[in-house]
Every structure is written in C-alpha cells, then in structure tokens.
Amino acid sequence: MNSTPTLLNRILITILGLKLLAVGVLLMLLASVPAVASWWHSWSAGAWAGVNQAFNATRFPGRPESWLWILVALALLVLIGLMVAWAAQQGKGRANLLAMEYDPGEVPGDVRIGGGVAEQALKHALANRPDLAGATVTTYNVKGSPALKVRLLPRQGVAPHLLADEVYALVAALEAVVGKRIPVLIHIGAGARTRFSRAERVR
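Scoring rules and cut-offs
- Residues numbered from 1 in each chain as written.
- Predicted model: local features only at pLDDT ≥ 70, side-chain atom pairs only at ≥ 80, totals over all residues.
- Heavy atoms only, no water.
- Pairing = 2+ DSSP bridges.
- Helix = DSSP H or I, 4+ residues; strand = E, 2+ residues; numbered from the N terminus.
- Right-handed = clockwise from strand over helix to strand, strands pointing away.
- Axes fitted to C-alpha atoms, helices over the stretch in contact; angles between N-to-C directions.
- Contact = heavy atoms within 4.5 Å.
- Buried < 20%, exposed > 50% of the residue type's maximum accessible area, 1.4 Å probe, protein only.
- Salt bridge = Lys/Arg side-chain N within 4 Å of Asp/Glu carboxyl O.
- Expected span 1.5 Å × (residues − 1).
- Arc of directions from axis to C-beta.
- Parallel < 35°, antiparallel > 145°, perpendicular 65-115°, else oblique.
- Patch = residues over 30% accessible without salt bridge, like charges linked within 9 Å, V, L, I, M, F, W, Y side chains within 5 Å.
- Areas by Shrake-Rupley, 256 points an atom, 1.4 Å probe, with all protein chains shown as cover.

A. View of the pairing of strand E5 (residues 184–188). Pairing between strand E4 (residues 145–154) and E5: 5 bridges, direction parallel. Counted as the bridge partner of Arg151 is His187 from E5. Taken together, E4, helix H5 (residues 160–178) and E5 constitute a β-α-β crossover, and its handedness is right-handed.

B. Seen up close, the sheet that holds strand E3 (residues 132–142). Pairing in this open sheet of 3 strands is mixed, and the strands run E3-E4-E5 from one edge to the other. At either end of the open sheet lies a strand with only one pairing partner, and these are E3 and E5. Here the strands of the sheet are splayed against their neighbours by 15 degrees on average, with no regard to which way each runs. Across 10 bridges, E3 lies against E4 in antiparallel orientation. Bridge assignment links Ala135 to a residue of E4, and that residue is Leu152. Packed on one face of the sheet, helix H4 (residues 115–126) meets E3 and E4 and runs near 165 degrees to E3.

C. Geometry of the side chain of Glu119. Note that Glu119 resides in helix H4. On the accessibility criterion, Glu119 (13% relative accessible area) is buried. Excluding its chain neighbours within four sequence positions, the residues that come into contact with Glu119 are Val137, Thr138 and Thr139.

D. Local environment of the pattern of salt bridges. Scanning the model with the defined rule gives 3 salt bridges in all. A salt bridge links Arg129 to Glu166; its shortest N-O distance comes to 2.4 Å. With Arg129 in the loop between H4 and E3 and Glu166 in helix H5, this pair connects stretches of sequence that are 37 residues apart. Residue classification places Glu166 among the partly exposed positions, given a relative accessible area of 36%. A network of salt bridges, in which partner residues are shared, links Arg129, Asp131 and Glu166.

E. Here's a closer look at H4. Counted at 1.5 Å a residue, the expected span for H4 with its 12 residues is 16 Å, and the 17 Å between its end C-alpha atoms agrees. Buried within H4 we find Gly115, Ala118, Glu119, Leu122 and Leu126. Seen from one end, H4 has its buried residues packed into an arc of 100 degrees, which puts them on one side. Seen from the open side of H4, the exposed residues pointing more than 90 degrees away from its buried face are Gln120 and His124. Downstream of H4 by one or two residues, Asn128 has phi in the positive range, about 60 degrees.

F. Structural detail: the packing of helix H1 (residues 6–32) against helix H2 (residues 34–57). In the contact formed by H1 and H2, the axes pass within 6 Å of each other and the chain directions differ by 110 degrees. As judged from the angle between their axes, H1 and H2 are roughly perpendicular. Residues Leu26, Leu29, Leu30 and Ser32 of H1 pack against Pro34, Val36, Ala37 and Trp40 of H2.

G. Quick look at a nonpolar patch on the surface. A contiguous nonpolar surface patch, about 770 Å² in accessible area, is contributed by Phe60, Trp67, Ile70, Leu71, Leu74, Leu77, Ile80 and Val84. Topologically, Phe60 is positioned in the loop between H2 and helix H3 (68–88). We classify Phe60 as partly exposed; its relative accessible area is 33%.

Pasting the structure below:
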C-alpha cells in the first residue's frame with residue numbers, strides 16, 4: 001500500500017548479495033588454491049601500476065596532485081546523493097490522519113481523527129486472541145485518502161475467511177464510531193511464529 005520501491009530494493013539487494021558472494025568465493029579461492037593466489041598477485045600488481053600511471057599522467061602542471069581526485073570526489077558525492085534519495089523513498093505512504101471534517105457549529109473548525117485512534121482500537125480488539133500469533137494495524141495514504149492495513153498472523157488451523165469476517169465486523173464498528181467509511185486491506189499471512197508458537201493451536 002505504500003510507495004516504497006520494492007522492486008528496486010530487491011534488485012539492489014540481489015546485486016549486493018551477488019557481489020558479497022563473489023568476494024567470499026574469491027577469498028576462499030585465494031586461501032585454498034595457490035594458482036588463484038599467484039594470479040591475483042600478478043593481476044593486482046599490474047592493476048595498481050596502471051592506476052599509479054593514470055594518476056601520474058593527470059597531475060596539475062607544477063603540482064603533485066592529480067585532477068582525477070576531483071572526479072573521484074564528485075563520484076562519491078553523486079553516490080551519497082543517490083543513497084540519500086533511495087533512503088528517502090523507504091516507507092513512504094504512512095499517514096497520521098484518519099478522518100477530517102469541517103464542523104460549522106457554535107465554534108467552527110476542523111474535527112480531525114488521527115490514525116493512531118483506529119490502530120490502537122483494532123490492536124486492542126485483536127490482542128490476546130488465542131487464534132492469532134500476531135496482528136499489526138497501520139494507516140496509509142492511498143491516492144490522497146487514508147486507508148488501513150491490517151496484517152494478521154493466524155495460528156495453524158484457523159480458517160482465514162472466518163478471521164477476515166471478524167475483522168470486517170470490527171472495522172464496520174469503527175466506521176460507525178468515526179462516521180466515515182475507511183478502505184481496509186486485510187493481509188493474512190503465515191510465518192515462523194505461526195508454525196513454532198508454543199501457544200495452543202486452534203483447529
């Protein structure tokens with residue numbers, strides 16, 4: 001429901017994982033295979049000599065510094081900017097406001113209901129249930145309108161459709177109190193907590 005770039009995140013994580021895997025394999029080969037170690041020494045020596053030659057050939061006239069360091073610094077600044085922009089995209093879409101209406105009564109003004117009201121109310125209603133291993137409620141902003149995401153972790157043997165009906169009834173009661181229809185996404189998942197929990201299972 002949020003605007004976090006999940007596809008981009010997965011691509012970046014995959015690339016980072018492959019790089020770390022390649023580095024790990026190379027280190028293992030360097031430590032265990034003499035031929036790879038000798039190849040690495042010869043290749044790294046040649047690469048280091050090429051880098052030194054490039055920096056020596058690009059020195060400022062009359063100075064020992066190379067202008068390649070300026071390019072390196074600019075590249076690092078661009079990389080830092082991209083990382084900041086990527087981090088700023090994480091978790092977008094969260095909202096703090098659930099409903100807002102103008103009240104033209106004796107004291108005109110806006111009446112606002114925070115998303116925490118719905119989150120705490122539903123969490124309290126879903127707490128200590130023997131058929132749930134966990135429940136989270138989050139308010140998101142979807143196309144300019146607030147919406148709720150209810151994530152449930154039912155225990156093994158619980159019928160998902162019955163659980164969804166009960167949550168729907170809770171949301172309907174919340175809408176009656178708030179006086180506004182609220183879009184809700186009910187996500188029923190499974191995980192290690194549902195499989196290995198020591199609590200009594202509902203079958």
